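Chains, contacts and geometry: an overview
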Amino acid sequence: MARWCYRHRLVVLLVWVGALFGLGLSASTAGTNYANVFSLPDTDSKRAYDLMEKAFPNSSGDTDTVVWKVDSGSVKDPSVQTRIQPVLDKIARMKGVGGVTGPYSGARGATQISSDGTIAYAQITFAEQANAVPKDLVQNVVDTAQNAERKGLKVELGGQAVQRVEEPPGGIAEGVGILAAAIVLFLAFGSFYAMLLPIGIAIFGVGTGLFSTQLLSHTTDIPDLAPLLATLIGLGVGIDYALFIVTRHRRGVQRGLDPEESAVIALNTSGRAVLFAGGTVCIALAGMLVTNLRFLDGVVIGTSLTVVLSVLAATTLLPALLGFLGVRVLSRKQRRKLAATGSEPERTDNLAARWSAAVQKRPRRIAAFALVVMAVLAFPILSLRLGATDQGNDDTSTTTRQAYDLLADGFGPGFNGPLQVVTSGGDTATLVKNIQATKDVAQVVALPPANGVTVIQVVPKTSPQSVETDDLIDTLRDKVIPEADVTGHVGGVTAISKDFATVTGDRLPLFVATIIGLSFLLLLLAFRSLVVPLTAALMNLIAAAASFGVLVAIFQWGWGLDMLGLGKEGPINAFLPVIMLSLLFGLSMDYQVFLVSRMHEEWVHTKDNARAVRVGLAETSRVINSAALIMVCVFLAFVLSGNSGAATAGVGLAAAVALDAFILRTALVPAAMHLLGKSNWWLPGWLDKALPHLAVEPAEEPVQAAPEGPASAVHGFVRTAEGEPLEGASVTLLTAGGRQLDRVETLADGSYIVSVPGPGTYLLATTATSYGSIARHVEVTDGPLIHDVELAEGEVDAVN
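Residues numbered from 1 in each chain as written. Predicted model: local features only at pLDDT ≥ 70, side-chain atom pairs only at ≥ 80, totals over all residues. Heavy atoms only, no water.

Another point: the overall build of the protein. Counting its secondary structure elements, the protein contains 25 helices and 19 strands. Projected onto its principal axes, the C-alpha positions of the protein cover 110 × 55 × 45 Å. Per-residue burial over the protein gives 56% buried out of 800 residues. For the protein, the distance from the average site of its 59 positive side-chain charges to the average site of its 70 negative ones is 3 Å. (Helix = DSSP H or I, 4+ residues; strand = E, 2+ residues; numbered from the N terminus. Buried < 20%, exposed > 50% of the residue type's maximum accessible area, 1.4 Å probe, protein only. Lys, Arg positive; Asp, Glu negative; His and termini not counted. Charge placed at Lys NZ, Arg CZ, Asp CG, Glu CD.)

What follows covers the pattern of salt bridges. As enumerated under the stated definition, the model contains 11 salt bridges in all. Ionic pairing is found between Asp-405 and Arg-401, a salt bridge with its closest N-O pair at 3.1 Å. Separated by 4 residues within a single helix, Asp-405 and Arg-401 lie in helix α16 (residues 399-411), roughly one turn from each other. Its relative accessible area of 9% is what places Arg-401 among the buried residues. (Salt bridge = Lys/Arg side-chain N within 4 Å of Asp/Glu carboxyl O.)

Once that is clear, we can look at helix α8 (residues 172-189). Compared with the 26 Å implied by 1.5 Å per residue over 18 residues, the 26 Å span of α8 between its first and last C-alpha is a close match. Among the residues of α8, Ala-173, Gly-177, Ala-181, Ala-182, Val-184, Leu-185 and Phe-189 are the ones counted as buried. Against α9 (192-216), α10 (225-254), α13 (332-341) and α23 (609-637) lie the buried residues of α8. Positive phi shows up at Gly-190, right after α8, with a value of about 70 degrees. (Expected span 1.5 Å × (residues − 1). Contact = heavy atoms within 4.5 Å.)

Moving on: the sheet that holds strand β2 (residues 97-101). Sheets are built from strands that pair by backbone hydrogen bonding, the pairs being arranged parallel or antiparallel. Reading across from one edge, β2-β3-β1-β4 is the order of the 4 strands in this open sheet, with antiparallel pairing throughout. Of all strands in the sheet, those with a lone pairing partner are β2 and β4 (153-158), marking the two edges. For this sheet, the mean angle separating the axes of adjacent strands, direction not counted, is 20 degrees. Contacting β1 (63-70), β2, β3 (119-126) and β4, helix α6 (residues 135-146) crosses the sheet at an angle of about 165 degrees to β4. (Pairing = 2+ DSSP bridges. Axes fitted to C-alpha atoms, helices over the stretch in contact; angles between N-to-C directions.)

Our focus in this paragraph is the nonpolar core. Membership of the largest hydrophobic core comes to 155 residues, with the highest contact counts inside it found for Met-288, Ile-579, Tyr-591 and Phe-635. A total of 18 residues in this core trace back to one element, the largest contributor, which is helix α24 (residues 644-676). Core analysis: the second largest hydrophobic core is formed by 29 residues, Ile-91, Val-97, Val-142 and Leu-153 among them. (Core = buried A, V, L, I, M, F, W, Y, C linked by side-chain atoms within 4.5 Å.)

With 92% of its residues at a pLDDT of 70 or more, the protein shows a mean pLDDT of 84. Looking at the elements of the protein, mean pLDDT is at its lowest for strand β19 (residues 796-797), recorded as 50, and at its highest for helix α15 (residues 363-378), recorded as 95. A low-confidence stretch, residues 700-708 (pLDDT under 50), is modelled with 26 contacts involving residues beyond four sequence positions or located in other chains. (pLDDT = per-residue confidence, 0-100.)

This next bit is on the packing of aromatic side chains. Taken as a whole and assessed by the stated rule, the structure comprises 8 aromatic pairs. Ring geometry for Trp-68 against Tyr-104: centres 6.1 Å apart, planes inclined by 40 degrees, an arrangement best described as tilted. Of this pair, Trp-68 sits in strand β1 while Tyr-104 is found in the loop between β2 and α5 (106-110), placing the two residues 36 residues apart along the sequence. The ring of Phe-324 carries Arg-9 above its face, with NZ or CZ at 6.0 Å from the centroid. (Phe/Tyr/Trp six-rings, centres within 6.5 Å; stacked < 30°, edge-to-face > 60°. Lys NZ or Arg CZ within 6 Å of the ring centre and 35° of its normal.)

Read across the open sheet, the 4 strands follow the order β7-β8-β6-β9; overall the sheet is antiparallel. What marks the edges here is a single partner per strand, and that holds for β7 (441-446) and β9 (488-491). Between one strand axis and the next, the sheet turns through 20 degrees on average, direction left out of account. With 4 bridges connecting them, strand β6 (residues 419-423) and β9 associate as antiparallel partners. Directly across from Val-421, in β9, lies its bridge partner Val-490.

Attention shifts here to helix α11 (residues 259-286). Helix length check: α11 (28 residues) gives 37 Å between terminal C-alpha atoms against 40 Å at 1.5 Å per residue, within 8%. With a side-chain oxygen lying 3.0 Å from the backbone nitrogen of Glu-260, the N-terminal cap of α11 falls on Asp-258. (Polar contact = N/O pair within 3.5 Å; in protein donor to acceptor, adjacent residues only side chain to side chain.)

Moving on, we get to the environment of Thr-269. With respect to the helices and strands, the residue Thr-269 is situated in helix α11. When its relative accessible area of 1% is taken as the criterion, Thr-269 is described as buried. For Thr-269, the side chain forms a polar contact with the main-chain oxygen of Ile-265, separated by 2.7 Å.

Attention now moves to the side chain of Thr-316. Mapped onto the fold, Thr-316 is located in helix α12 (residues 294-325). A polar side-chain atom of Thr-316 sits 3.1 Å from a polar atom in the side chain of Trp-16. A polar atom in the side chain of Thr-316 sits 2.6 Å from the backbone oxygen of Leu-312. In contact with Thr-316, other than residues within four places in its own chain, are Met-1, Cys-5, Val-12 and Trp-16.

Let's shift gears to unusual backbone geometry. For residues other than glycine, phi is negative in most cases, and the peptide bonds are mostly trans. One non-glycine residue, Asp-440, lies in positive phi territory at about 70 degrees. Position of Asp-440 relative to the elements: it lies in the loop between α17 (428-436) and β7.

A cluster of nonpolar side chains, namely Leu-179, Ile-183, Phe-186, Leu-187, Phe-192, Tyr-193 and Leu-196, defines an oily patch on the protein surface of about 720 Å² accessible area. Counting residues per element, the nonpolar patch draws most heavily on α8, at 4 residues. Structurally, Ile-183 is set in helix α8. (Patch = residues over 30% accessible without salt bridge, like charges linked within 9 Å, V, L, I, M, F, W, Y side chains within 5 Å. Areas by Shrake-Rupley, 256 points an atom, 1.4 Å probe, with all protein chains shown as cover.)

Glancing now at the packing of helix α20 (residues 531-556) against helix α22 (residues 576-606). The geometry of α20 relative to α22 is characterised by a closest axis approach of 10 Å and an angle of 135 degrees between their N-to-C directions. With respect to α22, the axis of α20 lies oblique. Crossing of α20 against α22: the hand is right-handed. Of α22, the residues touching α20 (which contributes Val-532, Ala-536, Asn-540, Leu-541, Ala-543, Ala-544, Ser-547, Phe-548 and Leu-551) are Leu-576, Pro-577, Met-580, Leu-581, Leu-584, Phe-585, Ser-588, Gln-592 and Val-596. Here the residues of the contact of α20 with α22 are counted per class, giving 14 nonpolar, 4 polar and no charged. (Parallel < 35°, antiparallel > 145°, perpendicular 65-115°, else oblique. Left-handed = near helix turned anticlockwise from the far one by under 90°. Nonpolar A, V, L, I, M, F, W, Y, C, P; charged D, E, K, R; others polar.)

What follows concerns the environment of Ala-403. If you trace the backbone, Ala-403 turns up in helix α16. Ala-403 sits in the buried class, given a relative accessible area of 2%. As a C-alpha pair, Ala-403 and Gly-392 span 11 residues in sequence and 9.0 Å in three-dimensional space. Discounting chain neighbours no more than four positions away, the residues touching Ala-403 are Val-67, Glu-156, Leu-157 and Gly-158.

Our next topic: the packing of α8 against α23. Taken N-terminus to C-terminus, the directions of α8 and α23 make an angle of 160 degrees; their axes are 7 Å apart at the nearest point. Judged by the angle between their axes, α8 and α23 are roughly antiparallel. Where α8 crosses over α23, the handedness of that crossing is right-handed. Across the interface between the two elements, Ala-173, Val-176, Gly-177, Ala-180, Ala-181, Val-184, Leu-185 and Ala-188 from α8 touch Arg-622, Ser-626, Leu-629, Ile-630, Cys-633, Val-634 and Ala-637 from α23.

Structure follows, in structure tokens:
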């Protein structure tokens, strides 16, 4: 497939461009129809909602609020009324506004004025739900209301529709993330064209994914958070997957391979790993379905579709783009060196090699240090409290936050999250009396019955996010309503949020067990080992605990919130653990696959665990760290999105990826694998025979795997730097692509001899306990080649 895409690159590019613009045109014509459906079957708040829908079937439009405050006097003063009332009348006449209920009309309006007379509010009911209200209309309402401001009179607005126009323009977070990723890629590659490749793949993958999700929103319920999360994860994996493939392709070109053959090899090695990694991300995302929360179904659809299209772009569009670039995928300096020398052995980065050797020498210390760091970061998770954020968590500069604070000042903290006790029979008067006598209740108002249903508005004394409000809901459900001998249920946004958090918490263990089990099975198939997937599962849990500890410290305790401009502290959104764990498990599996697949390849060749872990870490840590740095930049950019859910997920995922790549995969995993030794690769014989074989990343093979011609040999001596012979050193002959041809151990005098199938260029790798390893390309002509090897203690000079 890679060869076909490379040779038919213009066709492939035109198909992708046509798909992107075609889907974009269709999506812009159809518009959006996102819907936040919090369907919680068998919960008390859902039963309350069903009864309210029966009683008030026409109250479907979004209700927003205009709040005003005077510095002196009263909002009842004629000077204030003559300024505010014409504004409310003008808003009521706007097309798309169903009605305005103000404080200056009748006895009911008087309840909309605070007891000290300094704050009042009016309710604006739109004809549509918040997502369907045109932004132009909402902006017109905001501008009209705020034009009434004067010195001593403050006007603010709150509500879901108003919050939408408060969000920054779309694309800022994405643009900043892409720019940061471009800088990292340019520093990593040193080539402008190579830098553009991962960016282009991510744009095509995310673009087609978002447009497809937008079209699907007309056929199924997809929340408005889904496209934001899809963009967040799509940019991360799209850039990373292309980075892994382009890095392997550049190695091949530097070794002197024809660009087409190098691209084919890159797709057949790293491309397979990308397919596997993308599949694990989708499986982890699909794990959200076991929670049976309809709100998350749309998130699974949007994010999984974007990941699939990003993988498809990396495996089809990328080889086509590589065909257009040819050797220009290298920097100018690298191209000049390639033209002068013909080929350049790919050497492990010196810093990566030194770190890899340090991990091998001191695995216990490094593992202990990494565990201590992760434990300290995970400590705040002990105080994790799930709930829902509201406009009280917005930044203090927003009109929604200021309206929220004004209402809390004028009417009490609980006014922003009233409860609805909905009854369909029984002694309502007694129930109202009992609720009034309940602790932490500030106000109780029974609305006139409709269709046999009575709604009792209950305003708590405490804020919607407080523990006391949660306790009040439990008291009403478990004690007050049963004692009044009525059929009643507690609903409202606050009660729904509490039930959502409870249901999510109850189903979280099943969800975690599901995705860990699926991840274990996939890694078991890939690496033919029981210990590797067990280690990966444990590391994923450690990374999850530490990242949630960071989230709690920032968003629940408020550490650094002002610096980040993310508003006020509060509980962690109930849906966030499920979404974050899905993404975290999927992304961390990527790094596990790329790291361990190289270790596994070396283990298969040499059966030397220490060498396998050392070489695998040395050769993959740089690209893994670059990929992680790109993801961190992309995720942190979503702090600028204006959406609290996306900002929280962005910070959490950035912390998770940074900890996973820079501490777990670079330190704790290799240290643990050194300590475990050969047991890393243990698998019972009966299980090995029963399991199907899955080649995640087969060894690189040029088109001619081994040169043809008369058989020959390479022989010589392996000695120390002092000239002493090394007995028992391992000498391995491999093709230039990495396939093992012969392997021997040196004799007492340090001599060795390996057989060669014919003339050509080969790779001779030598390793000895306590003396590290060294690898060199050797050129065999028509006769035996003499090649002596000198090994220095602690040396690492691995060649891929």
